[in-house]
Amino acid sequence: MALRYLIVKTSRRIYVTIFAMAVAIMFVTTMFILADSFRESNIGLLQRFKSNYYCISTNPDLYESRVPEGKFNGSSCILVKITVEKDNETYITYFLGINDTLGILKYNGEGIWIGSEFPILPGEMTIYGPDSNISVYVNRVYRTSFFPNYWLIGNLSTARMLRGDMENEVNFVITEYPIYENGYRCSSMTSIIDFFRASVEEIERDVALTIIIALVISILLMNSVMAMDMKDNSRTIAILRAIGCTRYKIFMVYFARAVYIAITASLFGLSLGIILSYSLVSIIPRFGVESLFNIVVYPHVAIYAILLGFLGAVIGGIPPILGTLKIGIVREMGVEM
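Just so you know, these numbers come straight off a predicted model, no measurement behind them. (Residues numbered from 1 in each chain as written. Predicted model: local features only at pLDDT ≥ 70, side-chain atom pairs only at ≥ 80, totals over all residues. Heavy atoms only, no water.)

Draft legend 1. Region of the structure containing the overall build of the protein chain. Across its full length, the protein chain holds nine helices and 12 strands. Burial statistics for the protein chain: of 337 residues in total, 46% are counted as buried. Sequence separation of at least 24 residues holds for 82% of the intrachain contacts in the protein chain that already meet a minimum separation of 6. Here the protein chain has roughly 16,500 Å² of accessible surface; of this, 57% comes from carbon and sulfur atoms. (Helix = DSSP H or I, 4+ residues; strand = E, 2+ residues; numbered from the N terminus. Buried < 20%, exposed > 50% of the residue type's maximum accessible area, 1.4 Å probe, protein only. Contact = heavy atoms within 4.5 Å. Areas by Shrake-Rupley, 256 points an atom, 1.4 Å probe, with all protein chains shown as cover.)

Written out as structure tokens, the structure reads:
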């Protein structure tokens, strides 16, 4: 009973440690959920894109690709990262400027169309590009199987004005047949999904960095709280050893205490991360993630959160416990010989 009491015995220091570790784990959980949600929200693109058209570009990242205008017969396209502002609401997405000679979208080059899945309703809005901005009235909503339905579509002139660095060039050209030429990539329209995979990879790199930071924080916090805890309980440990408790039993008691703290922090952080992820659904586009999110939470997120806390307990908690157990009983009890 006494040993069980030592495991669950808490103090203000323990509560602060649990909360601090939970915050670190919360960010890891949120990043995992956002990465999974981004991937799942865009996986439908693979099912929608048709392969009877081809994309000619110079770079897998279509935004960085450059193709001379008029070099290939087809629909020339320019991509622009834009910010759309309407009624004090701001969202970040892409503007696709297209010369739709193939009739892919049935776009006649007049006005600006807004995707049917874009969160802002049609009407008067301001579009900010890297080079300039325009105020327009958008009243046409499109739905297509070739591009995400949360982009805006307009003509090449508007795209060039917004971007400012595409004179006599476009990002890619859509053709009805494959064209193979040195220096150019030719792939089916499903290559658009590579553009989104690159974004997913960026998020996953952020996840990896967040995990490293959270693990370091967890280790430092656990090491600090266990070191102070062992110092405060050094006399109790000496008494337990004096009445016959082995070092192994005492070690397991305090290690269980460290695991108890870590698992509590993990579950608390996991809950906070899930709540934060769902709270971000309505505001994610304002942070520059060009996607509409449907939040998904997979079981592996909980496993990673608990594993992160457990590693913090093992790496951060064991050294101070072992260090205290090496000190002699007489010294800790303060007995003068």
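Draft legend 2. Quick look at the pattern of salt bridges. If you walk through the whole model with that rule in mind, you get four salt bridges. We note a salt bridge from Lys-86 to Asp-87, for which the minimum N-O separation is 3.1 Å. A relative accessible area of 60% means that Asp-87 is categorised as exposed. (Salt bridge = Lys/Arg side-chain N within 4 Å of Asp/Glu carboxyl O.)

Draft legend 3. The arrangement of the pairing of strand S7 (residues 133–138) in detail. Burial along S7 is one-sided: the residues Ile-134, Val-136 and Val-138 are buried and none of Asn-133, Ser-135 and Tyr-137 is. Where strand S6 (residues 123–128) meets S7, six bridges bridge the pair, whose relative direction is antiparallel. Across the sheet, Gly-123 pairs through a bridge with Val-138, a residue of S7. Joining the antiparallel neighbours S6 and S7 is a turn of four residues. (Pairing = 2+ DSSP bridges.)

Draft legend 4. Here's a closer look at the side chain of Thr-17. In this structure, Thr-17 sits in helix H2 (residues 12–42). Look at Thr-17 and you get buried, because its relative accessible area is 6%. Not counting residues up to four positions away in its chain, the partners in contact with Thr-17 are Leu-221, Val-225 and Ile-261.

Draft legend 5. Geometry of the packing of aromatic side chains. Tallied over the entire structure, the rule returns nine aromatic pairs. Residues Tyr-91 and Phe-118 carry aromatic rings whose centres are separated by 6.2 Å and whose planes lie at 70 degrees to one another, so their mutual orientation is edge-to-face. Here Tyr-91, found in strand S4 (residues 89–99), pairs with Phe-118, found in the loop between strand S5 (113–115) and S6; they are 27 residues apart in sequence, far enough to count as distant. Here Tyr-91 and Phe-118 have matching classes, each one buried. Relative to Trp-113, the ring of Tyr-107 lies with its centre 5.0 Å away and its plane at 90 degrees, an arrangement referred to as edge-to-face. Take Trp-113: its relative accessible area is 5%, and that puts it in the buried class. Grouping aromatic residues by their ring pairs yields a cluster made of Tyr-63, Tyr-94 and Trp-151. The ring of Tyr-63 carries the charged tip of Lys-81 above its face, separated from the ring centre by 5.2 Å. When the ring centre of Tyr-63 is taken as origin, the NZ or CZ atom of Arg-163, which lies over that ring, is 3.9 Å away. (Phe/Tyr/Trp six-rings, centres within 6.5 Å; stacked < 30°, edge-to-face > 60°. Lys NZ or Arg CZ within 6 Å of the ring centre and 35° of its normal.)

Draft legend 6. Up close: helix H8 (residues 299–325). With 27 residues, H8 ought to run about 39 Å at 1.5 Å a step, and its terminal C-alpha atoms sit 38 Å apart, in line with that. Bending of H8 peaks at approximately 35 degrees at the position of Gly-317, with proline Pro-319 no more than four residues after it. (Expected span 1.5 Å × (residues − 1). Bend = angle between axes of the 7 residues up to and from the residue.)

Draft legend 7. Representation of the side chain of Ser-57 within the structure. Tracing the backbone shows Ser-57 in strand S1 (residues 54–57). The exposure class assigned to Ser-57 is buried, which follows from its relative accessible area of 1%.

Draft legend 8. How the structure looks around a nonpolar patch on the surface. A contiguous nonpolar surface patch, about 530 Å² in accessible area, is contributed by Ile-303, Tyr-304, Leu-307, Phe-310, Leu-311 and Ile-315. Note on placement: Ile-315 falls in helix H8. A relative accessible area of 43% means that Ile-315 is categorised as partly exposed. (Patch = residues over 30% accessible without salt bridge, like charges linked within 9 Å, V, L, I, M, F, W, Y side chains within 5 Å.)

None of the figures reported here should be taken as evidence of function without further support.
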